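Results of the structural survey
These are the residues of each chain, in order.
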Amino acid sequence: METATLYAAGAFAVGLAITLFLAAYLTPRQWWRRPNARALLISLAGAWGFGSLILYAAHARPDGHDDAPAVAATSAAAQATARRAASRAITAAVAARDAASASAPTSLIAGHPFAVHRDLNLRAAAGVHAARLITVPAGAVVTPTGLRSGDWWQIKASVAGRENTGWANSLWLRRSGE
């Protein structure tokens, strides 16, 4: 196999790794629960984009011209630089995600009514293994208290004239107007 082809394959493999790391931190978790066209598109576009940038930065040409001596000298430095840049980007993305999830969503959902999309299990704690308190029927209106644990929200629900407070997965809730 030609040296230029190996460099191109390596660049696109590193591009795919960078894409997967960034996607893990910059996109919602529920996007990656099942394989779908969006995940494939993000992976392909990211691998192509980052791989092309790495090849450009390393002055490697995948068109068959032999730049192997120049590429070999700059390849390790370019990969190290790309890894440091990706590490900084991931650190910044994690900080931004944590800051956003810590402040804004809680204040936006507290006290606003949501409609239950399907029958909803109201649980004693966040998580599917927590004890089920009651089943809230589809179409009922619930109100979040503002406490969150990932995708799990603490909500107040009135079922059969009785007020209940417990935890529910937010994926089963819709804004009342939706």
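Here goes a summary of the coordinates provided. (Residues numbered from 1 in each chain as written. Predicted model: local features only at pLDDT ≥ 70, side-chain atom pairs only at ≥ 80, totals over all residues. Heavy atoms only, no water.)

**Structural notes on the environment of A58**
Tracing the chain through its elements places A58 in the loop between α2 (37-57) and α3 (68-109). Classification of A58 by relative accessible area gives buried; the value is 6%. Once the C-alpha coordinates of A58 and Q79 are considered, the two residues, 21 residues apart in sequence, prove to be 8.4 Å apart. (Helix = DSSP H or I, 4+ residues; strand = E, 2+ residues; numbered from the N terminus. Buried < 20%, exposed > 50% of the residue type's maximum accessible area, 1.4 Å probe, protein only.)

**Structural notes on the packing of aromatic side chains**
In total, this model carries one aromatic pair according to the counting rule given. A ring pair is formed by F114 and W153, whose centres lie 5.2 Å apart and whose planes are at 75°; its orientation type is edge-to-face. In this pair, F114 is assigned in strand β1 (residues 114-116) and W153 in strand β5 (residues 152-159), connecting sequence segments 39 residues apart. This pair shows no difference in class: F114 is buried, exactly as W153 is. (Phe/Tyr/Trp six-rings, centres within 6.5 Å; stacked < 30°, edge-to-face > 60°.)

**Notes on the side chain of S43**
In this fold, S43 is placed in helix α2. A relative accessible area of 15% means that S43 is categorised as buried. Filtering out sequence-adjacent residues up to four positions away, S43 remains in contact with L16, T19, L20 and W32. (Contact = heavy atoms within 4.5 Å.)

**Focus on the environment of I18**
Within the secondary structure, I18 sits in helix α1 (residues 3-26). According to the relative accessible area criterion, I18 is buried, its value standing at 11%. Along the backbone, I18 and A82 are 64 residues apart, and their C-alpha atoms lie at a distance of 8.9 Å.

**Description of the side chain of N169**
Looking at the secondary structure, you find N169 in strand β6 (residues 162-169). You can call N169 buried: its relative accessible area is 15%. At a separation of 2.9 Å, a polar atom in the side chain of N169 contacts the main-chain amide nitrogen of L171. Setting aside chain neighbours within four positions, we find N169 in contact with L120, D151 and W152. (Polar contact = N/O pair within 3.5 Å; in protein donor to acceptor, adjacent residues only side chain to side chain.)

Read these as spatial facts, not as claims about activity.
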